[in-house]
There are 2 protein chains.
Amino acid sequence: MASGSYTIGLDYGTNSVRAIVVATETGKEVGSAVFNYPHGDMGVVTDPKDPHVARQHPADYIAGVEQTVTEALKQAGGDVAARVVGIGVDTTGSTPIPVDASGEALALKPEYAANPTAMAWLWKDHTGYKEAAEITEAAKAAHPEYLAKCGGTYSSEWLWAKLLCCARTDRAVFEAAYTWVEMADWIPAVLTGTTAPDQVKRCICAAGHKAMFNPAWGGYPAADFMASFDDGVLAKVRDTLPDRAVNISDTVGTLTDEWATTLGLPAGIPIAGGAFDAHLGGVGSGIKPGTMVKVIGTSTCDLAVSPIEHDLADIPGVCGVVPESILPGNYGIEAGQSAVGDIFNWYVHKVQPGGLDHAALNEGAAQLKPGESGLLALDWNNGNRTVLVDQQLTGMVLGLTLHSSPSEIFRALVEATAFGARMIRDRVVEYGITVDRVINCGGITVKSPMLMQIYADVLNCPMLISASEQTCALGSAMAGAVVAGAHPDFEAAAEAMTGIREQQYTPLAENVGVYERLFALYKRLHDLFGTREYAANQFDVMKELIAIREAQRASS
Amino acid sequence: MASGSYTIGLDYGTNSVRAIVVATETGKEVGSAVFNYPHGDMGVVTDPKDPHVARQHPADYIAGVEQTVTEALKQAGGDVAARVVGIGVDTTGSTPIPVDASGEALALKPEYAANPTAMAWLWKDHTGYKEAAEITEAAKAAHPEYLAKCGGTYSSEWLWAKLLCCARTDRAVFEAAYTWVEMADWIPAVLTGTTAPDQVKRCICAAGHKAMFNPAWGGYPAADFMASFDDGVLAKVRDTLPDRAVNISDTVGTLTDEWATTLGLPAGIPIAGGAFDAHLGGVGSGIKPGTMVKVIGTSTCDLAVSPIEHDLADIPGVCGVVPESILPGNYGIEAGQSAVGDIFNWYVHKVQPGGLDHAALNEGAAQLKPGESGLLALDWNNGNRTVLVDQQLTGMVLGLTLHSSPSEIFRALVEATAFGARMIRDRVVEYGITVDRVINCGGITVKSPMLMQIYADVLNCPMLISASEQTCALGSAMAGAVVAGAHPDFEAAAEAMTGIREQQYTPLAENVGVYERLFALYKRLHDLFGTREYAANQFDVMKELIAIREAQRASS
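This structure is a prediction, so every number in the text was calculated from the model and none was measured.

S.K.: What should I look at first to understand the overall build of chain A in this one?
M.R.: If you tally the helices and strands in chain A, you get 21 helices and 20 strands. Relative to its length of 556 residues, chain A is compact, with a C-alpha radius of gyration of 23 Å against a globular reference of 24 Å. Based on the C-alpha atoms only, the size of chain A along its principal axes is roughly 70 × 60 × 50 Å. Burial statistics for chain A: of 556 residues in total, 63% are counted as buried. Taking as baseline every contact in chain A between residues at least 6 positions apart, the subset at least 24 positions apart corresponds to 73%. On chain A, roughly 19,200 Å² of surface is accessible, and the fraction owed to carbon and sulfur atoms is 50%. Across chain A, the centroid of the 39 positively charged side chains sits 4 Å from that of the 64 negatively charged ones.

This is how it looks when you write it as C-alpha cells:
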C-alpha cells in the first residue's frame, strides 16, 4: 500500500449505493463496493396504479453504508481503514425523507415501515405534478425571483411539490412527520448522529436547487408565501428549517463511535456536507471556471461554475443558479437533458427489438458524414429540462425516406442529443459563463467515440473525458479529503486527485461547418415546437397533439 | 363453362404482365396467368452507377403476351378461346419506347438489343430530372396552361423529360429513333399490326397526363415551344405525333392473323385503345361520377371523373385533368401518393429487420385509439405527388416518447397515409368534384381492415373494396368487351362486370372527431414543411436539410 491518508466517497444512486476508498494524494481508488437496494423493483418502490410513484426505503440506505464501506475497506486491505481521514456523501435528489420530532425516519418505525408515503420520495417521483404547477403559478405571481434561480418552473421532482402532494394525499403521514430531510442531508446526519431536527444540517445543493433556498432572500421562501398553500401545511415544515445551509467544504459532524466500530474506521473523522450525485460528479471531474462538466447517463446533468466575486445574471431555463452548490467560492449552475442514453436504449430495445445492438448501430452510424442521411431529430422523448423546462415535449425525426436505415436514425438521435447539449452550452455562455472545454463522464463517453466526436463537432469545443469511472464517488471522497484537511481546498484536491483520459476529441473543421447549418435547423424546430411564441401563431402542433393523446388515454 | 362471350385483359405492371380471361356477362374471371419479365432485376434494367435509371426490354412485353394469354386460355378451358370477342390493354406509364421509321422498336434490332437507352424508359426512370425542371420553367414562362392540366410541375417520369435527356446523353440512339411510342400504345399497335409511325394510335391517357396533350390547344404542345429546347430535338419527335388521341372506347385495330394463330384466338377481334394500369383499375373498380377510386399499392393512384358537360376548373396539384383519360364522356382526374405500402414495407423490413411483421404490427396498432399514441407522421418518405408535387419532400414522425412502440409508430404511418389521402380528396372536392364514396383496390385493402377503417374515419366517408383482385386487368377486359359491342358503354359494362365486397367500412363517430383534430395538425405540418409560404418565413427546415444532405453526399 502507498503511504499517506485515505478518504471514502459514498455515492447513492437510483438503484444502488457505492463506496470507494481513495488515496488523498493521488485520487487512486484502492477499494470499491456496490450494494443494490433490496426493496421494490431495483430499489424503487412503485405503484402499479400510478406511474408517477417512485419511493425508496431508508433502511436500504443504512444497510448500504455498512455493506459497501466494509467491503471496500476489505478490498483496500492493509491498514487503509485506520488511515481513512474523512468521508463525503452524494445522493440523488430531491429525495426528501419524512422524519419525526426526534429525527427518526418514519419508514424506520414499525408502524410506517410498509407505507410508501412514509418512505423517501425518490427524485423521479412525479406524483406532485399538479402541486408543482400550483407552486409555479403562485411564485410567478408573488415571488418571481424564486423561479428565476431555478429555471422559471418549479418541478414535480422537487421538495415542496412532494410535500404538498403528501399533505393532500396521505394526511396521516404528513402529520406524523415533524419535518422532512433531503437524503443528501440525512446520510451525513445519520453518520454523525445529528439527525435531531434542530441539529441536521441542510446542504445548499439540495436547498438551493430544489427548495427555492437562496441567501439573497434570507434562505427558504418567505413564511407568508409558504403559508399560502392549503391550510398552511408547507409553512409548518418551513418553520423547522434553518436559515443557513452548508456546502461540501463544511464539516457537518464527526463519525459516531458506534458507526466507527461498525465500519472499522477511526472514530471522530469528519463528514463533509452532502450534495447531489451529479454535482459531486462535477467536482470529481475537476470542474472549475471555464470547464463545463457533462455527466452523461440515461439523462445528463450539465454543470458549470462561476466565481462568486463576479456578478451573474439569472439564466433563464437552467435548473438552478445557486451560490456554492457545486464548488465552494463559485456559483453553481445546473442544467440538463431529460434523456440521452434513454433515447438510445429506447431505439435499440423498444423500436427495433431483435435488431442491431448499440455496437452495430454505432459502427454503422460512424461511417456516415454529418448531414448525409438528411435526418434531423429532436431529443425530447422525455421532455426538455433545459432550456425549455417542459416535461411534456416529445421527440421527432424529420427527413425520413424509404432508404432511411437504423444506423442513420441512430446517428440522428445521437446528433439530436448533441444539439440539445449545445443549446445548454450556448445558453450559459450567453449569460456570461465561460466554457473553454467540456469534461464528460459516464460510461457512454468511453463506449462511443462517435458520440464524443459528434459532441466536439457540434459544440465546436474540445471534449475531454474524466479519468475516473466513478466521478460522483470520487467527488465525495474529495470532499472528505478537504474537510479532513488533506487538501487545503478543492482546487488543490482536484489537482491531486482528478485527471482526464489521454483520448480527447477536438472539433474537425470539415464537420463543424455542416453541423452549424444543421444546428440552425434544429433551433428552428426547437423554437417552433417548444416555445410559446410559435404556439400562439397556430404552430402549437406538438402541444395540441399531447392534449389529444391525454384526452384519448383518459377516455374509457 | 357459362355460355356467352369472353374478353381478355392484358395488364402490364412494373415487374410482370398478367392476362385474365373474363366472362363479359358477369366479369367472372375464368383464366389468369402471369409472366415475369426476364431481363434485368425483376424486369427492370438498372445502372449501378446511376440510381435514376430504370429501363425495360420490349422483348419481354412480346414474350409476355404469348405466354400469359396461352396459359390463361388453357386455364379457362372448353371453347372459351373461340368465344373471346375483344382485348384491352393497360400498362405502366409514361414508359416510352424508341422506334425506327418502320415502327420497329430499336431494342428489338440486334445492334441495339443490349443498349439500355434503346429500351423502354420505365415510368420510374428519373434520369431526366434536370430536363423536367427545365421543361417546367419553360412552360411556366411561355405556356402555363400546359402545366395547369398536369399539376403545375412537369415530372422526370414523363415523356418529354425522358426524350430530352436521351437526346443529351445518347444522341446516337436518339437520332436512330424516328419517334417514341408509349408502351400503352405500343402493345395494341403490335397486336393489331399498326406499329408504323403513321398508323400507331396515341391514347389520351398517356398523351394527356404525361405529354401535355390537350384538345384545348389542339393536341400536343405548340411546335415553337417544343423547338425551344436545345437544337429543336423535341420538335422533331412532336412532328411525328398525331393531333388526335384515342380513348378506351375506341378500337385501335383488329388482332392480326399471325397473333390470332399464335394465341389461338379468333382473328380480327377488336383491340381497345390502351391506358395506364391504374386508370383501367379505376374502370375495373366501377368508377363513375361521385365514386372515387383509390388504387393502393406501394404508392397510390387516386382517380375521379366528372362529366364533360359540366365545366371543370384546373385543379392545382393533381397529376392531371384530361378529358376521357379514364372514363369516356368524363374528365379524368388523376392524383396520387408517392408512397403508401412502400412506407409500411420500409418500416417493417428496413427500420426493424427481425422485428414484428406486418400482421403483428397491424394487430398491435388495431388495439390503439386514434390519437392515443400522441404520434403524428408525414407520409412523404418518397416525396409528395399530390397536392404539393414535390418529390424531394421527406417524411417525419412527431410525438415520440421513451414509450413509443413499434405498433404505435406503425399506426401513425398508416394514419399519415390516410391524412395524405384526405388532402387529395379534399382538394378535388374543393374544385367541384363530387365524392360520395371511395372504392379501394389493391391487396392491402383486403389484408388490413385496420387501414380501411382508419381511412373511413379520417376521410369521414364510406370505404368500399373492389370485388376483383385484378381490377386493372378487369378494366382492360371491360374495354375489350365495350369495343367488341358486348356492352353498349362502360356504364353497362361496370354494372355487369364489376362489384364491391360485402365488407365495407363506414366512419365511426367516436373516431371522426379525433381525426378531425389530428388532421388539422397534419395540415399545419404539411403547409409548414411543404409549401413556399412558410419556406419564405425561415421555416424551410425540410428543404434546407435536403440541401445539406445532397451536398454531403456529393462531397467525396
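S.K.: How should unusual backbone geometry be read in this particular structure?
M.R.: Glycine aside, residues mostly have negative phi angles, and peptide bonds mostly take the trans form. All names here are of chain A. For the bond running from Gly93 to Ser94, omega is 0°, close enough to zero to count as cis. Checked against the element boundaries, Ser94 lands in the loop between β6 (84-91) and β7 (96-99). Put simply, Thr386 and Val387 share a cis peptide bond, and its omega is 10°. For Val387, the position within the fold is in the loop between β17 (376-378) and β18 (395-400). Here Met42, not a glycine, exhibits a phi torsion of approximately 55°, which is positive. Here Met42 lies in the loop between β3 (29-36) and β4 (45-47).

S.K.: How should I be thinking about the interface of chain B and chain A in this particular structure?
M.R.: The extent of an interface is frequently quoted as the accessible surface area lost upon association of the parts. Facing the 60 residues of chain B at the interface are 60 residues of chain A. Both sides together, the interface formed by chain B and chain A hides about 5,000 Å², and carbon and sulfur atoms give 64% of it. There are 4 salt bridges connecting chain B and chain A. With its nearest N and O atoms 3.2 Å apart, the salt bridge here joins Arg517 of chain A to Glu544 of chain B. Where chain B meets chain A, there are 25 residue pairs in polar contact (both at pLDDT 80 or more). Those elements that provide at least two residues to the side of chain B that touches chain A are α12 (341-351), β18 (395-400), α14 (406-430), α19 (509-530), α20 (532-539) and α21 (541-554) of chain B. For the side of chain B that touches chain A, the leading source of residues is α21 of chain B, giving 9 residues. Here the residues of the side of chain B that touches chain A sort into 30 nonpolar, 19 polar and 11 charged. The pairing of β18 of chain A with β18 of chain B spans 5 bridges and is classified as antiparallel. Residue pairing across strands places Leu400 of chain A opposite Gly395 of chain B, the latter belonging to β18 of chain B.

S.K.: In this structure, what is going on with the confidence of the model for chain A? I would like to understand it.
M.R.: The predicted coordinates ought not to be read in detail in places where the model reports low pLDDT. Per-residue confidence for chain A gives a mean pLDDT of 95, with 99% of residues at or over 70. The complex prediction reports pTM at 0.90, with the ipTM value standing at 0.90.

S.K.: Any chance you could explain the domain arrangement of chain A here in plain terms?
M.R.: Residues and elements named next belong to chain A. Split by domain assignment, chain A resolves into domain 1 (6-275) and domain 2 (288-467 + 508-556). Here domain 1 and domain 2 have C-alpha centroids that lie 28 Å from each other. Counting residues at the interface gives 20 residues for domain 1, matched by 16 residues for domain 2. For the pair domain 1 and domain 2, the two sides together bury roughly 1,500 Å², of which 48% comes from carbon and sulfur. Among the residues of domain 1 in contact with domain 2, Lys149, Gly151 and His209 are the three that bury the most area, contributing 35% of the side total. Applying the counting rule to domain 1 against domain 2 returns 2 salt bridges. A salt bridge links Asp314 to Lys149; the nearest nitrogen and oxygen atoms lie 2.6 Å apart. For the pair domain 1 and domain 2, the interface holds 5 residue pairs in polar contact (both at pLDDT 80 or more). Here the side of domain 1 that touches domain 2 is composed, by residue class, of 7 nonpolar, 10 polar and 3 charged.

S.K.: Quick question: what am I supposed to make of the environment of Ile444 of chain A here?
M.R.: Residue and element names in this part refer to chain A. On the secondary structure map, Ile444 appears in helix α15 (residues 443-447). As a C-alpha pair, Ile444 and Gly336 span 108 residues in sequence and 16 Å in three-dimensional space. Look past the residues within four positions of Ile444 in its chain and what remains in contact with it is Ile296, Phe344 and Leu451.

S.K.: Explanation requested: the pairing of strand β19 (residues 435-441) of chain A in the structure shown.
M.R.: Here is the key point about a regular strand: its side chains alternate between the two faces of the sheet. Residue and element names in this part refer to chain A. Across the 7 residues of β19, 5 count as buried, placing the element largely inside the fold. Where strand β13 (residues 290-296) and β19 come together, 6 bridges link them in parallel fashion. Considered in β19, the bridge of Val295 is made with Cys441. Across 3 bridges, the pairing between β19 and strand β20 (residues 463-465) is parallel. Opposite Ile439, over in β20, you have Leu464 as the bridge partner.

S.K.: How do you make sense of the side chain of Ser155 of chain A when you look at a structure like this?
M.R.: Residue and element names in this part refer to chain A. Along the polypeptide, Ser155 turns up in the loop between α3 (144-148) and α4 (159-169). A distance of 2.9 Å separates a polar side-chain atom of Ser155 from the backbone nitrogen of Glu157. Those residues in contact with Ser155 that lie beyond four places of it in its chain are Ala132, Ala161 and Gln391.

S.K.: Looking at this model, I keep getting lost on the relation of the copies chain B and chain A. Mind explaining?
M.R.: One chain copy maps onto the other through a rotation about an axis and a shift parallel to that axis. Placing chain B over chain A gives an RMSD of 0.1 Å and needs a rotation angle of 180°, together with 0.1 Å of translation along the axis. Put plainly, the chains are arranged around a two-fold axis. For chain B, the residue whose C-alpha comes nearest the rotation axis is Gln352 of chain B, separated from it by 2.4 Å. The residues that chain B uses at the interface reappear at the interface of chain A in 100% of cases, marking a shared surface.

S.K.: For this particular structure, what's the right way to read the packing of helix α2 (residues 129-142) of chain A against α4 of chain A?
M.R.: A pair of packed helices can be characterised by two numbers: the angle between their axes and the separation between those axes. Residue and element names in this part refer to chain A. The geometry of α2 relative to α4 is characterised by a closest axis approach of 8 Å and an angle of 120° between their N-to-C directions. Between α2 and α4, the interaxial angle falls into the category oblique. Relative to α4, the crossing made by α2 is right-handed. Counting all contacts with α2, which are made through Glu131, Ala132, Glu134 and Ile135, the residues of α4 involved are Trp160, Ala161, Leu164, Cys165 and Arg168. Residue composition of the contact of α2 with α4, by class: 6 nonpolar, no polar and 3 charged.

What counts and how
- Residues numbered from 1 in each chain as written.
- Chains lettered and ligands numbered in written order.
- Predicted model: local features only at pLDDT ≥ 70, side-chain atom pairs only at ≥ 80, totals over all residues.
- Heavy atoms only, no water.
- Helix = DSSP H or I, 4+ residues; strand = E, 2+ residues; numbered from the N terminus.
- Rg over C-alpha atoms; globule rule 2.2 N^0.38 Å.
- Buried < 20%, exposed > 50% of the residue type's maximum accessible area, 1.4 Å probe, protein only.
- Contact = heavy atoms within 4.5 Å.
- Areas by Shrake-Rupley, 256 points an atom, 1.4 Å probe, with all protein chains shown as cover.
- Lys, Arg positive; Asp, Glu negative; His and termini not counted.
- Charge placed at Lys NZ, Arg CZ, Asp CG, Glu CD.
- Buried area = accessible area lost by both parts, 1.4 Å probe.
- Salt bridge = Lys/Arg side-chain N within 4 Å of Asp/Glu carboxyl O.
- Polar contact = N/O pair within 3.5 Å; in protein donor to acceptor, adjacent residues only side chain to side chain.
- Nonpolar A, V, L, I, M, F, W, Y, C, P; charged D, E, K, R; others polar.
- Pairing = 2+ DSSP bridges.
- pLDDT = per-residue confidence, 0-100.
- Domains from an automatic or database assignment.
- Least-squares fit on C-alpha atoms with pLDDT ≥ 70 in both.
- Axes fitted to C-alpha atoms, helices over the stretch in contact; angles between N-to-C directions.
- Parallel < 35°, antiparallel > 145°, perpendicular 65-115°, else oblique.
- Left-handed = near helix turned anticlockwise from the far one by under 90°.

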